[in-house]
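# Structural features, examined
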Amino acid sequence: MKNYQIPAFTLIVIVLLSGCINSSGDSSSEKFAADSLTITQGAELFEQHCSACHNFRQRGIGPNLAGVTRQEDPDWLAAFITNSPQMVSAGDARAVSLLAEYKIPMPPFPFLTEGDISRLLAYMHTFAAAETAVIKGDTLGDPIADSIVSSGIHLVVEPFVQVPPSAAEPPQARINKMLPMPGTDRLFIHDLRGKLYEIMGDSVRTFLDMAVLRKNFIEKPGLGTGLGSFAFHPDFTSNGLFYTTHTEPPQTAPADFAFEDSLRVTLQWVLTEWKQANPSSPHFSGTGRELMRVNMVTGIHGFQDLNFNPLAKKGDPEYGLLYLGIGDGGSTGEGYWFVCHDKRRIWGSVIRINPAGNNSRNGKYGIPPDNPFAKDPDPQVVKEIFIYGFRNPHRSTWDMDNGKMYVTDIGQANIEELNLAVAGGDYGWSEREGTFRIADHIEIGDLYPLPEGDESRNFIYPVLQFDHDEGSAISGGYVYRGKKMPLLQGKYIFGDVVSGRLMMANADELQNGKQAPIFELELEVNEKSQNLESLTGNKRVDLRFGQDQYGELYIFTKADGKIWKVVNSRK
């Protein structure tokens, strides 16, 4: 954590808060350190381990933590942080109640020392209880009442590759994306901690090490940061071009997309074009140039999937155009909802650029003339935007049969969704989550029915959605168009990141204006029904999907760094 940098604005707030704690008349303050160094160190720990699910303004995936140190005993909080699943198993009433309310088990943090937890609690104690906004109307306690039912289909998997661990504690290998090199049999996977690997039989070899190539590379605080994604140009075997995204500390270099000085910058995301000198070489050797740099409020929901449309052919206007999902950077959860859902800002969108062009504002890439806002007369409109209104557009994929593009959006506290891309479409965040309303950006953990006259807003709603009774974060997959498994033909295969639950929907039912039914898939290993929690030995599986050049499917898990190949499907 020594490489992690707390923004200057945050440091000022911490110092001011730490000076006020013991003068507040709060007797609980005697239990927590109040010096600025301890609180700063606690802020680092919170940003790294807690901020993906918690903040101090409103509830999200987990509860709003403002005032929690005044409501709960420090010893209970320390025990809960260390191993909340154990407390649930032991029947602790508060732990059981939290799991029932939020549906998602908090992962254990056994690697945090007693000192770490003391520093973390000291930082949390600087936040008094928040005032809850009063909103008229009834919230929806269970937005989607129907349950996901079994498909009766078993996915038979076999071990494929074990990726080397990049950390001692889970996730052992932050493997995040797997794809083939176009026009070859070569298969690649990357670890967010900085390495891009080529899969060689039952092992891997390092193709690129971002920590070596970029001295400012950071993979902290986790939560999706590091070597974010990669994509090979469709003509890589001839031109040697490929693309990556990675994170660097705040203020490393001027950002192409920044926001008001009053908003903090936790880190920067960078899009890079690399040129491999010899495209057939087993290791990268060549040059790289930066295409784009974007500031982020927090360490979550940054640059996401990086892709070329696999159906585009040479001569098509679409050929060689690069798509990149960009999340809201956690801005909405921090109260800066205005950073996204605005065509004049890049956050919360999927962009489409031409890396070979130069008509962007920074002159480093091109804006395709058929982009939906390319000819917008407003000079402030971000012409790169293809679709917008997302919280975390985590994965994009194309149906190889009909060319439809699908984008998953990981939700806040309630809804996970799959969207059908329509150029120029507005997908609603942070006014909508799934097919539900958020009230005035204030309490984004609560949902309400859509208002009368909603159709006038022209939001595009998901073609598939599930709530947190069923899973915690959608793991995007693929419409299966391979040859080996007829039972899966025309099925969109996906799942839940956290639990590893496997799901499917019929691709022909993925239509705008409707929500397709979801069915559960069973997992089979060595002729026995299994689940990924038991296989990984971890409550947080961190599920991802991969696909090879033949359209066959793979399942992999960050918890243990294992890749499984789907070899059969049967009822």
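In case you missed it, the structure is sitting above this.
The following paragraphs examine the structure supplied in this document. All of these numbers come straight from a predicted model, not from anything done at the bench. (Residues numbered from 1 in each chain as written. Predicted model: local features only at pLDDT ≥ 70, side-chain atom pairs only at ≥ 80, totals over all residues. Heavy atoms only, no water.)

### A few points about the overall build of the chain
Put simply, the test is: Numbered from the N terminus, helices here are DSSP runs of H or I no shorter than four residues, and strands are runs of E no shorter than two. Using C-alpha atoms as the atom set, the radius of gyration is obtained and then compared with a globule rule of 2.2 Å times the number of residues to the power 0.38. For each residue, the accessible area found with a 1.4 Å probe, counting protein chains only, is set against the maximum for its type, and the residue is called buried under 20%, exposed over 50%, and partly exposed in between. Note on contacts: a residue pair qualifies if any of its non-hydrogen atoms lie within 4.5 Å across the two residues. Per-residue and other accessible areas were derived by the Shrake-Rupley procedure at a 1.4 Å probe size, with only the shown protein chains allowed to occlude residues. Note that His is not counted, nor are the chain ends; the positive residues are Lys and Arg, and the negative ones are Asp and Glu. Every charge is mapped to an atom, namely NZ of Lys, CZ of Arg, CG of Asp or CD of Glu.
Looking only at helices and strands, the chain features nine helices and 27 strands. Over its C-alpha trace the chain gives a radius of gyration of 23 Å, about what one expects of a compact globule, namely 25 Å for 571 residues. Counting all 571 residues of the chain, 59% fall into the buried class. Restricting the contact set of the chain to residue pairs at least 6 apart, pairs at least 24 apart contribute 64%. As displayed, the chain has an accessible area near 23100 Å², and 50% of this comes from carbon and sulfur atoms. Distance from the positive charge centre (53 side chains) to the negative charge centre (70 side chains) of the chain: 6 Å.

### Here we look at the environment of tyrosine 123
Within the secondary structure, tyrosine 123 is located in helix α6 (residues 114-124). For tyrosine 123, a relative accessible area of 8% corresponds to the buried category. Placed 78 residues apart in sequence, tyrosine 123 and leucine 45 show a C-alpha to C-alpha distance of 9.2 Å.

### Examining the environment of threonine 244
Inclusion rule: Under the rule applied, a polar contact is a pair of N or O atoms within 3.5 Å (in protein, one hydrogen donor and one hydrogen acceptor; residues adjacent in sequence only if both atoms are side-chain atoms).
Position of threonine 244 among the secondary structure elements: in strand β7 (residues 241-248). Measuring from C-alpha to C-alpha, the distance between threonine 244 and leucine 227 comes to 7.3 Å, with 17 residues separating the pair along the chain. Dropping the residues within four chain positions of it, threonine 244 is found in contact with Met210, Leu227, Ser229, Phe230, Val270, Leu271, Thr272, Trp274 and Leu306. Separated by 2.8 Å, the side chains of threonine 244 and tryptophan 274 make a polar contact.

### Focus on the packing of aromatic side chains
To keep it simple, the criterion reads: Note on aromatic pairs: the rings of Phe, Tyr and Trp (six-membered ring only in Trp) are paired at centre separations within 6.5 Å, and the planes decide the class, stacked below 30 degrees, edge-to-face beyond 60, tilted for the rest. Whether a charge sits over a ring depends on NZ of Lys or CZ of Arg being within 6 Å of the ring centre and within 35 degrees of the ring normal.
Summed over all chains, the structure comprises 25 aromatic pairs. With a centroid separation of 5.4 Å and 75 degrees between ring planes, the pair formed by phenylalanine 188 and phenylalanine 207 is classed as edge-to-face. Note that phenylalanine 188 is positioned in strand β3 (residues 187-191) and phenylalanine 207 in strand β5 (residues 203-209), a separation of 19 residues in sequence. The same class applies to phenylalanine 188 as to phenylalanine 207, namely buried. Their ring planes at 45 degrees and their centres at 5.2 Å tell us that phenylalanine 259 and tryptophan 347 sit as a pair that is tilted. Residue phenylalanine 259 is located in the loop between β7 and β8 (267-276), and its partner tryptophan 347 is located in the loop between β11 (322-326) and β12 (349-353); the two are separated by 88 residues in the primary sequence. Exposure remark for tryptophan 347: the relative accessible area of 3% places this residue in the buried category. Taken together, the ring pairs in this structure connect Phe188, Phe207, Phe230, Phe232, Phe236, Phe242, Trp274 and Phe284 into an aromatic cluster. Above the ring of phenylalanine 230, the side-chain terminus of lysine 177 is found at 5.7 Å from the ring centroid.

### A few points about unusual backbone geometry
Omega for the peptide link from proline 170 to proline 171 comes to -5 degrees, which places this bond in the cis form. Looking at the element boundaries, proline 171 is found in the loop between β1 (149-162) and β2 (175-180). The omega torsion across lysine 220 and proline 221 is 5 degrees, close enough to zero to call that bond cis. Along the chain, proline 221 falls in the loop between α7 (210-213) and β6 (227-232). Positive phi, close to 55 degrees, is recorded for histidine 341, a residue that is not glycine. With respect to the element layout, histidine 341 can be found in the loop between β11 and β12.

### Considerations on the sheet that holds strand β16 (residues 415-420)
Strands pair in a sheet through their backbones, by hydrogen bonds, and they do so in one of two ways: parallel or antiparallel. Rules: At least two DSSP bridges between two strands are needed for those strands to be called paired. Working convention: axes come from line fits to C-alpha atoms, limited for helices to the stretch in contact. Angles between N-to-C directions cover 0 to 180 degrees.
Read from one edge of the open sheet, four strands run β14-β15-β16-β19, paired in antiparallel fashion. A strand with exactly one partner marks an edge of an open sheet, and here the two such strands are β14 (393-398) and β19 (464-467). The mean inter-strand angle of the sheet, taken between neighbouring strand axes irrespective of direction, is 15 degrees. As judged from the four bridges shared by strand β15 (residues 405-409) and β16, these two strands associate in the antiparallel manner. Following the sheet pairing, threonine 408 is matched in β16 by leucine 418.

### Description of the pairing of strand β26 (residues 553-557)
Across the five residues that make up β26, a large majority, five, are buried. Of the two faces of β26, the one holding Leu553, Ile555 and Thr557 and the one holding Tyr554 and Phe556 are both buried throughout. Here five bridges tie strand β25 (residues 543-547) to β26, and the two strands are oriented antiparallel to one another. Bridging across to β26, glutamine 547 finds its partner in leucine 553. Hairpin connection between β25 and β26: a loop of five residues separates the two successive antiparallel strands, and glycine 551 in this loop has a positive phi of roughly 80 degrees. Sheet topology places β26 next to strand β27 (residues 562-570); four bridges connect them, and they run antiparallel. Looking at β27, one finds that threonine 557 is bridged to lysine 562. In this structure, the hairpin formed by β26 and β27 is closed by a connection of four residues, where glycine 561 is found at a positive phi of approximately 70 degrees.

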